[in-house]
Amino acid sequence: MKTTTETPGENEFAALCRQAWDTLIPARARYLAGVSPHYDEVLHDVAQRTEHTGSLGKADIASLIVWKRLSAQTRWVTDLMSLPDTHVRAVTERAVTAIRDTTLTRSEAARTGRSVIWELPGFRTGDALASAILTAAAPHRMAVYDSRVQHALDGLGLTLTPAPGRYGRYLQLLDDLLHHGGARADGWSARDIDTALYWTGRPDPAPSHSPGQLAPIL
């Protein structure tokens, strides 16, 4: 949704997007200062492998489960690991192809890729791990979604409902933020915004946590 007309609702949305940058810019700086520069090495490693293979296997997904600090002691993990890796790669290859399709808008590609990954166990509800997989497959185009991002968006007054198609709408919302950010958005990627939102939506750290220690997220 590009707000090019001047209806009151669109003007209000554009104002909210512009105002959000007052939060995003310092939050991104605090994220970079507070999180180890080595933390995303797992994501980068998976992204590099996916760049060469065009798909993600069970080992790649397992790595991202650890990166997202999700529990592996669930039924869906057992179901996923019981599938042949060739089947998992066949599904993820279709998802990778979809999100890298530049004939589609970012949000359309996200929606298509998310609908493909839905076929695998564990990806029919929630978008945290699915978004990590899609981001690893196209790190310069996609972005990670989780509960902290949702909390930040709610606090900024930017609506993102849990209705089907949420991941596609999320990427559209990030595009809207980039569109309305003006010069302040120069050099920012969708991934940069998701890290700023993640930092904004985090709970206050416990006194025993060091800056580089992050609590589990969904």
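Residues numbered from 1 in each chain as written. Predicted model: local features only at pLDDT ≥ 70, side-chain atom pairs only at ≥ 80, totals over all residues. Heavy atoms only, no water.

### Observations concerning the overall build of the chain
Per the secondary structure count, the chain includes 10 helices and zero strands. Listed by position from the N terminus, the elements making up the chain come as α-α-α-α-α-α-α-α-α-α. Split into buried and exposed, the 218 residues of the chain put 49% on the buried side. Put simply, 71% of the contacts in the chain that link residues at least 6 apart link residues at least 24 apart. For the chain, the computed accessible surface area is about 10,800 Å², with 57% contributed by carbon and sulfur atoms. (Helix = DSSP H or I, 4+ residues; strand = E, 2+ residues; numbered from the N terminus. Buried < 20%, exposed > 50% of the residue type's maximum accessible area, 1.4 Å probe, protein only. Contact = heavy atoms within 4.5 Å. Areas by Shrake-Rupley, 256 points an atom, 1.4 Å probe, with all protein chains shown as cover.)

### Some points on the packing of helix 5 (residues 85-99) against helix 6 (residues 106-117)
Running from N to C, helix 5 and helix 6 point in directions that differ by 175°, and their axes come no closer than 8 Å. Taken together, the axes of helix 5 and helix 6 are roughly antiparallel relative to one another. Of the residues in helix 6, those touching helix 5 at Val91, Thr92, Arg94, Ala95, Ala98 and Ile99 are Ala109, Ala110, Thr112, Gly113, Val116 and Ile117. (Axes fitted to C-alpha atoms, helices over the stretch in contact; angles between N-to-C directions. Parallel < 35°, antiparallel > 145°, perpendicular 65-115°, else oblique.)

### Focus: the packing of helix 2 (residues 41-53) against helix 7 (residues 128-137)
Two numbers describe how helix 2 lies on helix 7: the axes approach to 7 Å, and their chain directions differ by 55°. Taken together, the axes of helix 2 and helix 7 lie oblique to each other. Along the contact surface, helix 2 presents Leu43, Val46, Ala47 and Thr50, while helix 7 presents Ala132, Ala136 and Ala137. For the contact of helix 2 with helix 7, a count of residues per class yields six nonpolar, one polar and no charged. (Nonpolar A, V, L, I, M, F, W, Y, C, P; charged D, E, K, R; others polar.)

### Comments concerning the confidence of the model for the chain
If pLDDT is low for a region, its predicted coordinates should not be looked at in detail. For the chain, mean pLDDT is 91; residues scoring 70 or higher make up 89% of the total. For residues 1-5, every residue scores under 50 in pLDDT, and the model assigns this stretch 13 contacts once sequence neighbours within four places are set aside. When the criterion is pLDDT under 50, residues 206-213 qualifies, and its contacts beyond four places in sequence or with other chains add up to four contacts. (pLDDT = per-residue confidence, 0-100.)

### Let's talk about helix 5
Between the first and last C-alpha of helix 5 there are 21 Å, a value that for 15 residues agrees with the 21 Å anticipated at 1.5 Å per step. When helix 5 is considered as a whole, its buried residues turn out to be Val88, Val91, Thr92, Ala95, Val96, Ala98 and Ile99. The buried residues of helix 5 all sit within an arc of 160° when viewed along its axis, so they share a single face. Turned more than 90 degrees from where helix 5 packs its buried face, Thr86 and Thr97 sit exposed. On its buried side, helix 5 packs onto helix 2, helix 3 (58-67), helix 4 (75-81), helix 6 and helix 7. (Expected span 1.5 Å × (residues − 1). Arc of directions from axis to C-beta.)

### With respect to helix 8 (residues 147-155)
Where helix 8 is concerned, the buried positions are Arg148, Val149, Gln150, Ala152 and Leu153. Buried residues belonging to helix 8 abut helix 9 (166-180) and helix 10 (190-201). At the N-terminal end of helix 8, a side-chain oxygen is found 3.0 Å from the backbone nitrogen of Arg148, two or three residues along, and the residue is Asp146. Trailing helix 8 by a residue or two, Gly157 shows a phi angle of about 80°, which is positive. (Polar contact = N/O pair within 3.5 Å; in protein donor to acceptor, adjacent residues only side chain to side chain.)

### Some words on the pattern of salt bridges
Under the definition given, this model contains 14 salt bridges. Note that Arg166 is salt-bridged to Asp127, the shortest N-O span being 2.7 Å. Here Asp127 lies in the loop between helix 6 and helix 7 and Arg166 lies in helix 9, a separation of 39 residues in the sequence. Salt bridges sharing partners connect three or more residues here, namely Arg49, Asp60, Asp85 and Arg89. (Salt bridge = Lys/Arg side-chain N within 4 Å of Asp/Glu carboxyl O.)

### A closer look at the packing of aromatic side chains
The geometry of an aromatic ring pair is captured by the separation of the ring centres together with the interplanar angle, meaning the angle of the planes. Here the structure, examined in full by the defined rule, presents six aromatic pairs. Taking the centre distance of 6.2 Å and the plane angle of 90° together, the rings of Tyr31 and Tyr198 count as edge-to-face. In this pair, Tyr31 sits in helix 1 (residues 8-34) while Tyr198 sits in helix 10, placing the two residues 167 residues apart along the sequence. Neither residue differs from the other here; Tyr31 and Tyr198 are each classed as buried. Pairing Tyr167 with Tyr170 gives two aromatic rings, centres 6.2 Å apart and planes at 45°, and the pair type is tilted. Here Tyr167 pairs with Tyr170, and both are found in helix 9, just three residues apart, close to one helical turn. According to the relative accessible area criterion, Tyr167 is buried, its value standing at 2%. You can call Tyr170 buried: its relative accessible area is 0%. (Phe/Tyr/Trp six-rings, centres within 6.5 Å; stacked < 30°, edge-to-face > 60°.)

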